[in-house]
Amino acid sequence: KQEFIQIAKAMDTALSSTSGPFFLDQFSIVDCIFVPYVERMNASLFYYKGFQLRGNPMFPNITRWFEGLETRDTYLGTQSDFHTHCHDLPPQMGGCYRNDTEGQKECENRVDSCTHFKLPEHGLAEPE
């Protein structure tokens with residue numbers, strides 16, 4: 001866990017080096033390369049480990065990056081959700097194993113309920 005936090009902090013620091021939310025001064029291929037991996041990590045860490053990447057005070061620039069992505073219609077058209085990442089997509093980066101802590105079980109239940117709309121998967125308001 002500590003090794004992952006160290007890498008996430010390095011990503012967060014890289015994102016802090018520009019005035020905007022992206023890796024470079026404007027949206028670029030770098031963001032396109034990172035987004036599928038980080039989106040899956042965000043979902044899998046929440047579901048299998050009870051760890052919140054987006055919205056975590058340790059990583060304000062990662063949160064700002066997701067928020068910046070959500071200003072782009074092209075991203076909103078492809079953005080996935082936690083349930084899809086955790087259930088419908090095969091584990092493409094290796095196996096996912098629950099750590100069976102109370103926090104992990106709570107996060108898993110929130111995703112599996114399909115009715116809990118306060119997941120850290122996006123920053124958009126739910127439609128009425």
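As enumerated under the stated definition, the model contains two salt bridges in all. Among the ionic pairs, arginine 54 bridges to glutamate 70, the shortest N-O distance being 3.0 Å. Placement of the pair is arginine 54 in the loop between α2 (29-49) and α3 (60-69) and glutamate 70 in the loop between α3 and α4 (73-76), with a sequence separation of 16 residues. Relative accessible area serves as the criterion here: at 8%, glutamate 70 is assigned to the buried category. Here glutamate 108 makes a salt bridge to arginine 98, at a shortest N to O gap of 2.8 Å. With a gap of ten residues between them, glutamate 108 in helix α6 (residues 102-113) and arginine 98 in the loop between α5 (82-88) and α6 connect regions that are remote in the sequence. For glutamate 108, a relative accessible area of 13% corresponds to the buried category.

Once that is clear, we can look at the environment of alanine 8. Tracing the sequence through the fold places alanine 8 in helix α1 (residues 2-15). Relative accessible area serves as the criterion here: at 5%, alanine 8 is assigned to the buried category. Linking alanine 8 and phenylalanine 59, residues 51 residues apart in sequence, is a C-alpha distance of 7.3 Å. Those residues within four positions of alanine 8 in sequence are excluded, and the remaining contacts are Leu53, Phe59 and Ile62.

In this structure, Met11, Phe59, Ile62, Trp65, Phe66 and Leu69 are the most contacted members of the largest nonpolar core, which totals 17 residues. Mapped by element, the contributors of at least two residues to this core are α1, α2 and α3. Those residues in contact with phenylalanine 59 that sit more than four places away from it in its chain are Ile5, Ala8, Lys9, Asp12, Phe51 and Leu53. In this structure, Phe46, Tyr48, Cys107 and Leu119 belong to the second largest nonpolar core, which totals nine residues.

A word on the confidence of the model for the chain. Predicted confidence across the chain gives a mean pLDDT of 88, with 91% of residues reaching 70 or more. Of all helices and strands in the chain, the one with the weakest mean pLDDT is α5 (80), whereas α3 scores best (97).

Rules of the game
Residues numbered from 1 in each chain as written. Predicted model: local features only at pLDDT ≥ 70, side-chain atom pairs only at ≥ 80, totals over all residues. Heavy atoms only, no water. Salt bridge = Lys/Arg side-chain N within 4 Å of Asp/Glu carboxyl O. Helix = DSSP H or I, 4+ residues; strand = E, 2+ residues; numbered from the N terminus. Buried < 20%, exposed > 50% of the residue type's maximum accessible area, 1.4 Å probe, protein only. Contact = heavy atoms within 4.5 Å. Core = buried A, V, L, I, M, F, W, Y, C linked by side-chain atoms within 4.5 Å. pLDDT = per-residue confidence, 0-100.

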